[in-house]
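Reading the structure
Here are the chains, one letter per residue:
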Amino acid sequence: MTKTVMWKEMTAEELVAKAKADAVVIMPVGSIEQHGPHLPVGVDTYLAEEVSRLAAEAVAGEMPIVVTPTLWCGMAEHHMAFGGTFTLDIPTYHALLGCFMKSLARHGFKRVLIVNGHGGNTAPLAAFLSDFARDTKLKVRSTTYFELSSPGMDKILEDQPHVRHACEGETSMLMVVAPGTVKTDRLAEAYGPKASTRISPFVARDRCFKEITPSGVVGDARRANADKGRRLLTHCRDAVVAVLRDPALWE
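These figures come from a predicted structure and were not determined experimentally.

This part covers the overall build of the protein chain. Per the secondary structure count, the protein chain includes 9 helices and 4 strands. In sequence order, the secondary structure elements of the protein chain are arranged as α-β-α-β-α-β-α-β-α-α-α-α-α. Against the compact-globule benchmark of 18 Å for 251 residues, the protein chain has a radius of gyration of 18 Å, which places it among compact chains. In terms of overall dimensions, the protein chain has a C-alpha envelope of 50 × 35 × 30 Å along the principal axes. When each of the 251 residues of the protein chain is scored for burial, the buried share is 50%. Restricting the contact set of the protein chain to residue pairs at least 6 apart, pairs at least 24 apart contribute 77%. Accessible surface for the protein chain amounts to roughly 11700 Å². Of this, 55% is attributable to carbon and sulfur atoms. Of note, the protein chain has its 29 positive side-chain charges centred 2 Å away from the centre of its 29 negative side-chain charges.

Turning next to the pattern of salt bridges. Any two side chains of opposite charge can pair, given that their charged atoms come close. Here the structure, examined in full by the defined rule, presents 16 salt bridges. A salt bridge links Arg 53 to Glu 50; its shortest N-O distance comes to 2.6 Å. With a gap of 3 residues between them, Arg 53 and Glu 50 both fall in helix H2 (residues 43-59), about one helical turn apart. Glu 168 serves as the salt-bridge partner of Lys 228, at 2.7 Å between the closest nitrogen and oxygen. Highlighted residues: Lys 228 in helix H9 (residues 226-245) and Glu 168 in helix H7 (residues 168-177), separated in sequence by 60 residues. The residues Lys 228 and Glu 168 share a single accessibility class, namely buried. Three or more residues joined by partner-sharing salt bridges are found here, namely Glu 158, Asp 159, Glu 168, Arg 223 and Lys 228.

The next point concerns H9. Relative to the 28 Å expected for 20 residues at 1.5 Å per residue, H9 spans 28 Å between its end C-alpha atoms, a close match to the ideal helical length. Residues Lys 228, Gly 229, Leu 232, Leu 233, Cys 236, Ala 239, Val 240, Val 241, Val 243 and Leu 244 constitute the buried set of H9. Its side-chain oxygen placed 3.2 Å from the backbone nitrogen of Asp 227, Asn 225 serves as the N-cap of H9.

Let's shift gears to H2. Taking 1.5 Å of rise per residue, the 17 residues of H2 would be expected to cover 24 Å, and the 25 Å separating its terminal C-alpha atoms lies within 8% of that figure. The buried fraction of H2 amounts to 12 of the 17 residues, a majority that puts the element mostly inside the structure. Here H2 has its buried residues at Val 43, Asp 44, Thr 45, Leu 47, Ala 48, Glu 49, Glu 50, Val 51, Ser 52, Ala 55, Ala 56 and Val 59. Those residues of H2 hidden inside the fold are in contact with strand S1 (24-29), strand S2 (65-67), strand S3 (111-116), helix H5 (145-148), H7 and H9.

Let's shift gears to the layout of surface pockets. Of the pockets and cavities examined, the second largest pocket occupies roughly 150 Å³. Lining the second largest pocket, in full, are Trp 7, Met 27, Thr 68, Pro 69, Thr 70, Leu 71, Phe 100, Ser 103, Leu 104 and His 107. The greatest single-element share of the lining of the second largest pocket, amounting to 4 residues, is contributed by helix H3 (residues 90-107). Of the residues that constitute the lining of the second largest pocket, the class distribution is 6 nonpolar, 4 polar and no charged.

We now examine the sheet that holds S2. Within the open sheet, the 4 strands sit side by side as S2-S1-S3-S4. Their pairing is parallel. Here the strands that pair on one side only, and so sit at the sheet edges, are S2 and strand S4 (139-144). Within this sheet the neighbouring strands show an average axis-to-axis angle of 20°, counted without direction. Across 3 bridges, S1 lies against S2 in parallel orientation. Within S2, the residue paired with Val 25 across the bridge is Val 66. In the packing of H3 onto the sheet, contacts are made with S1, S3 and S4, and the angle to S1 comes to roughly 160°.

Basis of the calculations
- Residues numbered from 1 in each chain as written.
- Predicted model: local features only at pLDDT ≥ 70, side-chain atom pairs only at ≥ 80, totals over all residues.
- Heavy atoms only, no water.
- Helix = DSSP H or I, 4+ residues; strand = E, 2+ residues; numbered from the N terminus.
- Rg over C-alpha atoms; globule rule 2.2 N^0.38 Å.
- Buried < 20%, exposed > 50% of the residue type's maximum accessible area, 1.4 Å probe, protein only.
- Contact = heavy atoms within 4.5 Å.
- Areas by Shrake-Rupley, 256 points an atom, 1.4 Å probe, with all protein chains shown as cover.
- Lys, Arg positive; Asp, Glu negative; His and termini not counted.
- Charge placed at Lys NZ, Arg CZ, Asp CG, Glu CD.
- Salt bridge = Lys/Arg side-chain N within 4 Å of Asp/Glu carboxyl O.
- Expected span 1.5 Å × (residues − 1).
- Polar contact = N/O pair within 3.5 Å; in protein donor to acceptor, adjacent residues only side chain to side chain.
- 1 Å grid on protein atoms, 1.4 Å probe; cavity = no way out; pocket = protein on both sides within 12 Å on 5 of 7 lines; lining within 4 Å.
- Points joined across faces, edges and corners; volume = space filled by probe spheres on them.
- Nonpolar A, V, L, I, M, F, W, Y, C, P; charged D, E, K, R; others polar.
- Pairing = 2+ DSSP bridges.
- Axes fitted to C-alpha atoms, helices over the stretch in contact; angles between N-to-C directions.

This is the structure in structure tokens:
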């Protein structure tokens, strides 16, 4: 059997065997959206897939596991004003993910961990879980990898407390995952407010990202480097691995 953990690299026969072995399915979900003057629009998709792959490879000797193709489009209306962005609406996102879940259930898989790489997807994913459980009988869990990893990542980042957007953190990680896509000659422009201002953490509002940051960046990418990126990715991998190893995950 192929040693890869990636669904797209396996044969149908191998995937049937994975289902029979009660493999855990990791489903990375990302976005295609603006990431400032220095990063490609695929940042969230690149990073969600890489963190998922690294985590799956780390536990492949302990449990059957497979990583689906990454869903590259998500909820990104707030970035549309910059251009270069695709977005779904809630009914479409729900329906699309629902079809994926039904496909997995029909093939005999039972457990799915969604690994999200885009902040705009977090609330919709949490709201969808009960529908997926009801409609498919799958055990479906979701996590946003940079929120899950935040305590350890905060110790590595120098100029900001958390991963923001097109910032020191995301830029450093992409310097490792897809270094040829990072425009290092534009890093001097790659900074913005340290956080998006809020009325209160308990009051939600809709804001165009261009109102928050003219550069498209929240945080500061000027301190990014590949060594920092490797350390951040390792921490993200380990945080997802800890979840996968937790026996309470599927209770």
